[in-house]
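Now for the letters of each chain:
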Amino acid sequence: MSSESTEQHGLSPTDSVEGNDQYSLPSRIHLELEKESSTDFKQFEASDQCRHYARIHVEPQEKSNTNFKQFVIKKLQKSCQCSPTKAKNTIFGFLPVLQWLPKYDLKKNILGDVMSGLIVGILLVPQSIAYSLLAGQEPIYGLYTSFFASIIYFLLGTSRHISVGIFGILCLMIGEVVDRELSKAGYDTAHTAPSLGVVSSESTLLNQTSDRICDRSCYAIAVGSTVTFMAGVYQVAMGFFQVGFISVYLSDALLSGFVTGASFTILTSQAKYLLGLSLPRSNGVGSLITTWTHIFRNIHKTNLCDLITSLLCLLVLVPTKELNEHFKSKLKAPIPTELFVIVAATLASHFGKLNEKYNTSISGHIPTGFIPPRAPDWNLIPSVAIDAIAMSIIGFAITVSLSEMFAKKHGYTVKANQEMYAIGFCNIIPSFFHCFTTSAALAKTLVKESTGCQTQLSGVVTALVLLLVLLVIAPLFYSLQKSVLGVITIVNLRGALRKFRDLPKMWRVNRMDTVIWFVTMLSSALISTEIGLLIGVCFSMFCVILRTQKPKSSLLGLVEESEIFESMSAYKNLQAKPGIKIFRFLAPLYYINKEYFKSALYKKTLNPVLVKAAQKKAAKRKIQEETVTFNGIQDEVSVQFSRDLLELHTIVIDCSAIQFLDTAGIHTLKEIRRDYEAIGIQVLLAQCNPSVRDSLARAEYCQREDENLFYSVYEAVAFAEETQNQKGICIPNGQSLSIDQLNK
């Protein structure tokens, strides 16, 4: 069998052949990493250089010439057709509960779902109350939010394990919008919110969207529900138009840095409650620094009772949280320390009459039952529409990423598009019931999974726990100090703040991701959460461009007894083909890096423009050595070229890492080929993907089909050797030719 057919089957010409069609398995290839600057290049055998060569031909698929108008009409007809089967699939796709609930295995799943639902519900009660403070709302609204989100996700969600409800970062963003709108409406943001249903004489305005008096608390939830409605609309729209790809711009390093930076802002906003200070919330650029400035200026007004309560709660919560985490593999369920702390603090505040004696800040009256639904304030939409964009993107990005992560872990699939619908309606519908923005939360999801959750039914159990609190228990939290809620919020930031411990490992793995993390974290903390997220996205995209602007490039050599070419700067003992330079460029070739591509290629081979200029001057002046001035830059070009450069007759460009070409990239390849051909060097392209081949064909890079284009580097090298053998050009070793001889 010929050596060419051997190559097509993945065997090198040196592989042994037994019988007619029996091949022995090729030996394993071992590459030794380059540790020295010099490389010992071996020369190929003459017999290998002179062997026969045959081109590989691959027939492309025929492209259908479908008319665009016909294509659109066909798609519309397909989407507009209605049948009982299609209607059933549409309904079942929109309401996944109709698919999995009839198949629910009661004996297998009910215990795990009930246990996980109860535990998550118990944890959600104190967190919902605490995060309401962060969002600038009354505690009852946090309970509403968690209740409705659990019910709606049970109906629409496809993930069996994620817990949807209040999320600290979104609460922070809601609180910033609420405080800004309260200030614009003339409410005193430093004023303590009155109890629900009680109208404050100090801060009472007539809400233009209603015939009744709307106090500060009423206006705050109107703002919160309106921005929540808009965030939900954006998420449903993204699901409808299938633009979930936006989340790919939020890398893991970016999201981690954003969450950590926002955690500093959350900690700062809660510090005043730990000290018992009544301060306005700072908004806008530099709010973190402004808030700490206000705190230190008013530090002498610290309420000692609130401070002592905060320290005691920290001394209880932090160690028990650490114990929970340390023994989580041995505990069947985490200890609900937060609930115990809230109960104990409420009893101490009530029987100790801390509010009357020491003027501590308390939660106030929390009503039972549900408030009648109310539409969002449509007049506020122009003011909050832009704020809702960032919230919607963060909400669905975290929800989709968590759902896919846990689905992969437990061996089932989720529909990312349906997840966007689910989280969107978890915001749209509750916005009519005095709720604010929700998403999946990692901490509660981990608890839910670790306590035996099997299906979405655990969300119903969680909702029943919250319903019990809303109908019966909520008023008992009247005397609960706000400092306790602040401590609970801060303690739950431990996970985000611990990311600093991962930085050394992140730096070792990828320095660029570490820089992205730092830039996003600092901008989110020191500037603002929304601007910080925007800066992080822009900087992350800039880093991607930067990586392709000056990518790595190298010359390749052949691995011994194989058809594989690898970088000679990375590996030792690679064979260099005489007269052939193989160049690899590890990035797309487009307008940003086209000049760098040329300079890297010229540096590793030779500059054809300077060589051509040297040849012309040498031919005119008949001298042996001369200084050449080109474009204002003086380069000393030796007319007595080295043997390596004189033997150079072919440059092979390995295009395997070039994903695409733009117009500038194609023009660069044409220019390079023209310049090298002017000095007698041919340029071959190898391993071009179909996209690059198509771009070259449309730009008429080749006069004939497949001219100078090869499916492998090995094929291109064989072609170059074959053409040189046909020309009969042979340059003896050690001989130096002058420019005149080269021109001849």
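Residues numbered from 1 in each chain as written. Predicted model: local features only at pLDDT ≥ 70, side-chain atom pairs only at ≥ 80, totals over all residues. Heavy atoms only, no water.

Q: I keep staring at the sheet that holds strand S9 (residues 565-567) and nothing clicks. Help me out?
A: Working definition: the strands of a sheet are paired by backbone hydrogen bonds and lie parallel or antiparallel to each other. The mixed open sheet is built from six strands, whose spatial order is S9-S8-S11-S14-S15-S16. Strands with a single pairing partner mark the edges of an open sheet, and in this sheet they are S9 and strand S16 (709-710). Helix H24 (residues 594-604) rests against strand S8 (553-558), strand S11 (580-585) and strand S14 (650-654) of the sheet, and its axis sits at about 150 degrees to S11. Along the sheet face, helix H29 (residues 713-727) touches S8, S9, S11, S14, strand S15 (682-686) and S16 and points at about 155 degrees away from the line of S15. (Pairing = 2+ DSSP bridges. Helix = DSSP H or I, 4+ residues; strand = E, 2+ residues; numbered from the N terminus. Contact = heavy atoms within 4.5 Å. Axes fitted to C-alpha atoms, helices over the stretch in contact; angles between N-to-C directions.)

Q: So what exactly am I meant to see when it comes to helix H19 (residues 482-491) here?
A: In an α-helix, one full turn covers 3.6 residues, which means residues spaced three or four apart are oriented alike. Burial of H19 is extensive: ten of the ten residues sit out of reach of the surface. Listing the buried residues of H19 in full gives Lys482, Ser483, Val484, Leu485, Gly486, Val487, Ile488, Thr489, Ile490 and Val491. In the core, the buried residues of H19 are packed alongside helix H6 (106-134), helix H10 (252-275), helix H12 (304-326), helix H13 (337-352) and helix H20 (494-497). (Buried < 20%, exposed > 50% of the residue type's maximum accessible area, 1.4 Å probe, protein only.)

Q: Would you explain the environment of Val341 in this entry?
A: Positionally, Val341 belongs in helix H13. We classify Val341 as buried; its relative accessible area is 8%. In the structure, Val341 is positioned 27 residues away from Leu314 in sequence and 10.0 Å away in space, judged by C-alpha atoms. Excluding residues within four positions of it along the chain, Val341 makes contact with Cys313, Val316, Leu317 and Val484.

Q: Would you mind going over the confidence of the model for the protein chain with me for this structure?
A: Do not read the fine detail of predicted coordinates wherever pLDDT is low. Across the protein chain, the average pLDDT comes to 79, with 81% of residues at or above 70. Note on residues 1-28: pLDDT under 50 across the span, and 31 contacts to partners over four residues away in sequence or across chains. Predicted confidence is poor over residues 624-644, with pLDDT under 50, and the contacts of this stretch with residues over four places away or in other chains come to 41 contacts. (pLDDT = per-residue confidence, 0-100.)

Q: Is there a simple way to think about the nonpolar core in this case?
A: As a rule of thumb, nonpolar side chains are buried together in soluble globular proteins. Of all hydrophobic cores here, the largest spans 104 residues; its most connected members are Met173, Leu250, Met391, Phe436 and Val484. Contacts of Leu250, omitting those with residues within four sequence positions, involve Leu255, Ile393, Ala397, Leu533 and Val537. Core analysis: the next-biggest nonpolar cluster, separate from the first, contains 35 residues, Met568, Leu606, Val692 and Leu696 among them. (Core = buried A, V, L, I, M, F, W, Y, C linked by side-chain atoms within 4.5 Å.)

Q: Explanation requested: helix H11 (residues 287-297) in the structure shown.
A: Among the residues of H11, those classed as buried are Ser287, Leu288, Thr291 and Ile295. Buried residues of H11, viewed axially, fall in a sector of 100 degrees; they line one side. Residues of H11 that are exposed and point more than 90 degrees away from the buried face comprise Ile289, Phe296 and Arg297. Buried residues in H11 make contact with H10 and helix H22 (511-526). (Arc of directions from axis to C-beta.)

Q: Can you help me understand the side chain of Thr265 in this one?
A: Residue placement: Thr265 occurs in helix H10. Excluding residues that lie within four positions of it along the chain, Thr265 makes contacts with Leu172, Glu176, Leu288, Ser524 and Ala525.

Q: What should I look at first to understand the side chain of Asp306 in this one?
A: One can find Asp306 in helix H12. Within the buried set, Asp306 has no salt-bridge partner at all; the shortest N-O distance to an opposite charge, 9.9 Å, is to Lys482. Ignoring anything within four residues of it in the chain, the contact list for Asp306 reads Tyr273, Leu274, Leu275, Gly276, Thr360, Ser361, Gln481 and Ser483. (Lys, Arg positive; Asp, Glu negative; His and termini not counted. Salt bridge = Lys/Arg side-chain N within 4 Å of Asp/Glu carboxyl O.)

Q: I would appreciate a short explanation of the environment of Pro336 in the present structure.
A: On the secondary structure map, Pro336 appears in the loop between H12 and H13. Sequence-distant contacts of Pro336, defined by excluding residues within four places in its chain, comprise Ile122 and Leu123.

Q: Explanation requested: a nonpolar patch on the surface in the structure shown.
A: A surface patch of nonpolar side chains, amounting to about 500 Å² of accessible area, comprises Leu106, Ile110, Leu111, Val114, Met115 and Leu118. When you line up the elements, Leu118 lands in helix H6. (Patch = residues over 30% accessible without salt bridge, like charges linked within 9 Å, V, L, I, M, F, W, Y side chains within 5 Å. Areas by Shrake-Rupley, 256 points an atom, 1.4 Å probe, with all protein chains shown as cover.)

Q: Whenever I open this one, the pairing of S14 confuses me. Can you help?
A: Regular strands place their side chains on alternate faces of the sheet. When you tally the buried positions in S14, you get five out of five residues, the bulk of the element. Residue alternation in S14 divides its side chains into two sets, Thr650, Val652 and Asp654 and Ile651 and Ile653, and both sets are buried. In this structure, S11 lies alongside S14, joined through five bridges in parallel fashion. Note on S14: the bridge partner recorded for Lys581 is Ile651. By the bridge criterion, five bridges tie S14 to S15 in an arrangement that is parallel.

Q: What should I look at first to understand the packing of H22 against helix H23 (residues 529-549) in this one?
A: Helix-helix packing is characterised by the crossing angle of the two axes and by the distance between the axes. Running from N to C, H22 and H23 cross one another at 160 degrees; their axes reach a closest spacing of 8 Å. With respect to H23, the axis of H22 lies roughly antiparallel. Along this stretch, H22 crosses H23, giving a crossing that reads as right-handed. Facing H22, whose interface residues are Met512, Asp513, Val515, Ile516, Val519, Thr520, Ser523 and Ser524, H23 presents Thr529, Gly532, Leu533, Ile535, Gly536, Phe539, Ser540, Cys543 and Arg547. Residue composition of the contact of H22 with H23, grouped by class: eight nonpolar, seven polar and two charged. (Parallel < 35°, antiparallel > 145°, perpendicular 65-115°, else oblique. Left-handed = near helix turned anticlockwise from the far one by under 90°. Nonpolar A, V, L, I, M, F, W, Y, C, P; charged D, E, K, R; others polar.)

Q: Would you mind showing me how to read the packing of H6 against H19 here?
A: One can describe the packing of H6 onto H19 by two numbers: an axis separation of 9 Å at closest approach and a directional angle of 100 degrees. With respect to H19, the axis of H6 lies roughly perpendicular. Counted together, Pro126, Ile129, Ala130, Tyr131, Leu133 and Leu134 of H6 and Lys482, Leu485, Ile488 and Thr489 of H19 form the full contact between these two elements. Grouping the amino acids of the contact of H6 with H19 by side-chain chemistry returns eight nonpolar, one polar and one charged.

Q: Whenever I open this one, the packing of aromatic side chains confuses me. Can you help?
A: Within a pair of aromatic rings, the relevant descriptors are the distance that separates the centres and the angle that separates the planes. Applying the stated criterion across every chain, the model contains 25 aromatic pairs. Each ring, one from Trp100 and one from Phe154, has its centre 5.7 Å from the other, and the planes form 85 degrees; the classification is edge-to-face. Here the residue Trp100 occupies a position in helix H5 (residues 97-100), and Phe154 occupies one in helix H7 (residues 139-156), the gap between them amounting to 54 residues. Among the aromatic residues, those joined into a cluster by ring pairs are Tyr141, Tyr144, Phe147, Phe148, Phe370 and Phe433. Directly above the ring of Phe92 sits Lys88, whose terminal nitrogen or CZ lies 5.6 Å from the centroid. Above the face of the Tyr412 ring, Arg160 is positioned so that its terminal group lies 4.2 Å from the ring centre. (Phe/Tyr/Trp six-rings, centres within 6.5 Å; stacked < 30°, edge-to-face > 60°. Lys NZ or Arg CZ within 6 Å of the ring centre and 35° of its normal.)

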